[in-house]
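A closer look at the structure
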Amino acid sequence: MVKKIVENVEHALKGVESNMTFMFGGFGLSGIPENAIVSLSKKEIFGLTCISNNAGVDDFGLGLLLKRKQVKKMISSYVGENAEFERQMLSGELEVDLIPQGSLAERCRAAGAGIPAFFTPAGYGTEVAKGKEVRKYNGKPHILETALTADFAFVKAWKGDTAGNLIFKGTARNFNPLMAMAGRITVAEVEELVPAGELDPNQIHTPGIFVQRIFQGNKYEKRIEQRTVRTKK
Amino acid sequence: MALDKNQIAQRIAQELEHNTYVNLGIGIPTLVANYIPKGIDIEFQSENGVLGMGPFPFEGDEDPDLINAGKQTITTLDGAALFDSATSFAMIRGQHVQLTVLGAMEVSENGDIANWKIPGKMVKGMGGAMDLVASADNIIVAMMHTNRSGESKILKQCTLPITGINCVKKVVTNLAVLEVTEKGFKLLERAPGVSVDKIKNATEAKLIIEGEVPEMNI
């Protein structure tokens, strides 16, 4: 067995530097690598390119890196929940590349699967298509999108084992398995880390081969963005 | 009387077909789930990775690991499935989801839709909308007929950056049901008590009107 376990978040982050490209799993605040983000926000690293579906909120998630102006460029699909982000973007301090959500997911998956580019109909005829090759398949125009890689991918799972195998819970899975595939170094933090052999191999979502470092996370806040409930009749 | 948002959702729910998969966007489209007609079985897909989405949880049962694409807490129904974002968009791009209902800032008479950006003002991003409109077989737009300044959102040509071209099939507003045809918008139905003239006055695009236009059944 190839061992992936590291002692804590500090060991997991060994090698992060300014001007690197990082991926962060999560959709909104669900399934984000909370421990890695908090530790990165305390480091003297700047000029980062961050690939993440969303940009957190002002005081949580990637908002923490944005507040300290550690981020030079964001690649995302939807960034509507963060006032500081919007301010930095409109003032030109922050470079932003907005791309369709399905293309973002597939561009991560493609990188991890050794596919350098692919054609998709999403974004054809819009400003997303600017400068991109167009080809018709089955009579319908598609645009060429390239794979996205990162120096580090930070992902968060529900359970993991010392071999790096991961199991996600609910909709907290989202981009995590795809970014795990795409990272040159993928750092997984988990709510529950168990010895290899304890997880059923049939139930693994992300095989350990895609994970380079895994650690037991702690103090998960798991903040809810929109608490919606119904009342009992 | 012009419809309210719930009534727009109620009218769109009449378009739901039995045994289909449907993706509902944020805003008015979300409300469609409250009005599924009797005898119609639907599974709702949310692009953040769930099929078989159920109603909001009871207070105290909220799970931060179970949300919809609007980041609202949800539940799952029997038969639900959870998956990653690439699989989710494979369902969408691969046309396994039959109907998409989404909101819009503008729709044009050739079926273009704009709903993701107001240059210099609003820069929230397209989320999954571009993937959805590029691939879905059937796309229904749910929106108010005019914007806050009273200007028509039903246009000859979109003025805002577009999300997708030639894709919208039908538009349901507070005033009317419009079908996008090769010749432009055809007025199919009007809101109860709303005259054809009132709809014409609120619409910048040309309307195709054939015979008596019936009232919506709400």
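Placed above this text is the structure.
Another aspect to go through is the environment of B:I139. All names here are of chain B. Relative to the elements of secondary structure, I139 occurs in strand β8 (residues 138–142). C-alpha separation for the pair I139 and R11, spaced 128 residues apart in sequence, amounts to 15 Å. Among all residues touching I139, those that are not within four sequence positions of it are T100, L102, L132, V133, C167, V168, K169 and K170.

Another aspect to go through is the interface of chain A and chain B. Each side of the interface is counted separately: chain A has 51 residues, and chain B has 49 residues. Summed over both sides, the interface of chain A with chain B buries roughly 4,200 Å², with 59% coming from carbon and sulfur. Its largest share of buried area at the contact with chain B, chain A owes to A:T171, A:T228 and A:R230, together 17% of the area lost on that side. Inspection of the region where chain A meets chain B yields five salt bridges. For B:D65, the salt bridge is made with A:K169, and the minimal N-O distance between the two is 3.0 Å. Our count for the chain A to chain B interface comes out at 26 residue pairs in polar contact (both at pLDDT 80 or more). Looking at the side of chain A that touches chain B, the elements that each hand over two or more residues are α4 (83–90), α5 (101–112) and α6 (176–182) of chain A. The element that contributes the greatest number of residues to the side of chain A that touches chain B is α5(A), accounting for six residues.

So, on to the pairing of strand β4 (residues 95–98) of chain A. All names here are of chain A. Where strand β3 (residues 71–76) and β4 come together, four bridges link them in parallel fashion. In the strand pairing of β4, M74 is matched with V96. For the segment spanning β3, α4 and β4, crossover handedness is right-handed.

Turning to the sheet that holds β8(B), a few remarks are in order. All names here are of chain B. Strand order in this open sheet of 10 strands is β4-β3-β2-β1-β5-β8-β10-β11-β12-β13, and the pairing throughout is mixed. A strand with exactly one partner marks an edge of an open sheet, and here the two such strands are β4 (75–82) and β13 (207–208). Examined bridge by bridge, strand β2 (residues 42–46) and strand β3 (residues 50–54) share two bridges and lie antiparallel to one another. The residue bridging Q45 from the neighbouring strand is L51, located in β3. This element, helix α1 (residues 5–13), spans β5 (99–102), β8, β10 (170–172), β11 (176–181) and β12 (184–190) of the sheet and lies at about 160° to β8. Sitting on the sheet, helix α3 (residues 85–93) is in contact with β1 (20–24), β2 and β3, with an inclination near 125° to β2.

Residue and element names in this part refer to chain A. Per the stated rule, a full pass over the model turns up six aromatic pairs over all chains. Arranged with centres 6.2 Å apart and planes meeting at 80°, the rings of F22 and F24 form a pair that is edge-to-face. A residue is classified by how much of its surface remains accessible, and F22, at 0% relative accessible area, is buried. Its relative accessible area of 1% is what places F24 among the buried residues. Between F24 and F154 the ring centres are 5.4 Å apart and the planes differ by 25°, which places this aromatic pair in the stacked class. You can see F24 sitting in strand β1 (residues 21–24) and its partner F154 sitting in strand β8 (residues 150–161), a full 130 residues away along the chain. Both residues of the pair, F24 and F154, count as buried.

This part is about the pattern of salt bridges. For the coordinates displayed, the defined rule picks out 25 salt bridges over all chains. The salt bridge involving A:R184 is made with A:D151; its shortest N-O contact spans 3.0 Å. Here A:R184 is found in strand β10 (residues 183–194), whereas its partner A:D151 is found in strand β8, with 33 residues between them in sequence. The exposure class of A:R184 is exposed, given its relative accessible area of 51%. For A:E191, the salt bridge goes to A:K222, with nearest N and O atoms at 3.0 Å. You can see A:E191 sitting in strand β10 and its partner A:K222 sitting in the segment after β11 (213–216), a full 31 residues away along the chain. Among the charged side chains, a salt-bridge network with shared partners connects A:K156, A:K169, A:E191, A:K222, B:D63 and B:D65.

The contact between α5(A) and α3(B) brings their axes to 9 Å, and the two run at 125°. Here α3(B) runs oblique to α5(A), going by the angle between their axes. The element α5(A) and its partner α3(B) pack so that their crossing is left-handed. Residues A:Q101, A:G102, A:S103, A:A105, A:E106 and A:R109 of α5(A) lie in contact with α3(B), whose contacting residues are B:S85, B:A86, B:F89 and B:R93.

The next point concerns unusual backbone geometry. With a phi angle near 50°, A:N138 is a residue other than glycine that sits in the positive phi range. One can find A:N138 in the loop between β6 (134–137) and β7 (140–146). The backbone of B:Q95 sits at a positive phi, close to 60°, despite the residue not being glycine. You can see B:Q95 is positioned in the loop between α3 and β5. Take B:Q95: its relative accessible area is 40%, and that puts it in the partly exposed class.

Conventions used here
- Residues numbered from 1 in each chain as written.
- Chains lettered and ligands numbered in written order.
- Predicted model: local features only at pLDDT ≥ 70, side-chain atom pairs only at ≥ 80, totals over all residues.
- Heavy atoms only, no water.
- Helix = DSSP H or I, 4+ residues; strand = E, 2+ residues; numbered from the N terminus.
- Contact = heavy atoms within 4.5 Å.
- Buried area = accessible area lost by both parts, 1.4 Å probe.
- Salt bridge = Lys/Arg side-chain N within 4 Å of Asp/Glu carboxyl O.
- Polar contact = N/O pair within 3.5 Å; in protein donor to acceptor, adjacent residues only side chain to side chain.
- Pairing = 2+ DSSP bridges.
- Right-handed = clockwise from strand over helix to strand, strands pointing away.
- Axes fitted to C-alpha atoms, helices over the stretch in contact; angles between N-to-C directions.
- Phe/Tyr/Trp six-rings, centres within 6.5 Å; stacked < 30°, edge-to-face > 60°.
- Buried < 20%, exposed > 50% of the residue type's maximum accessible area, 1.4 Å probe, protein only.
- Parallel < 35°, antiparallel > 145°, perpendicular 65-115°, else oblique.
- Left-handed = near helix turned anticlockwise from the far one by under 90°.

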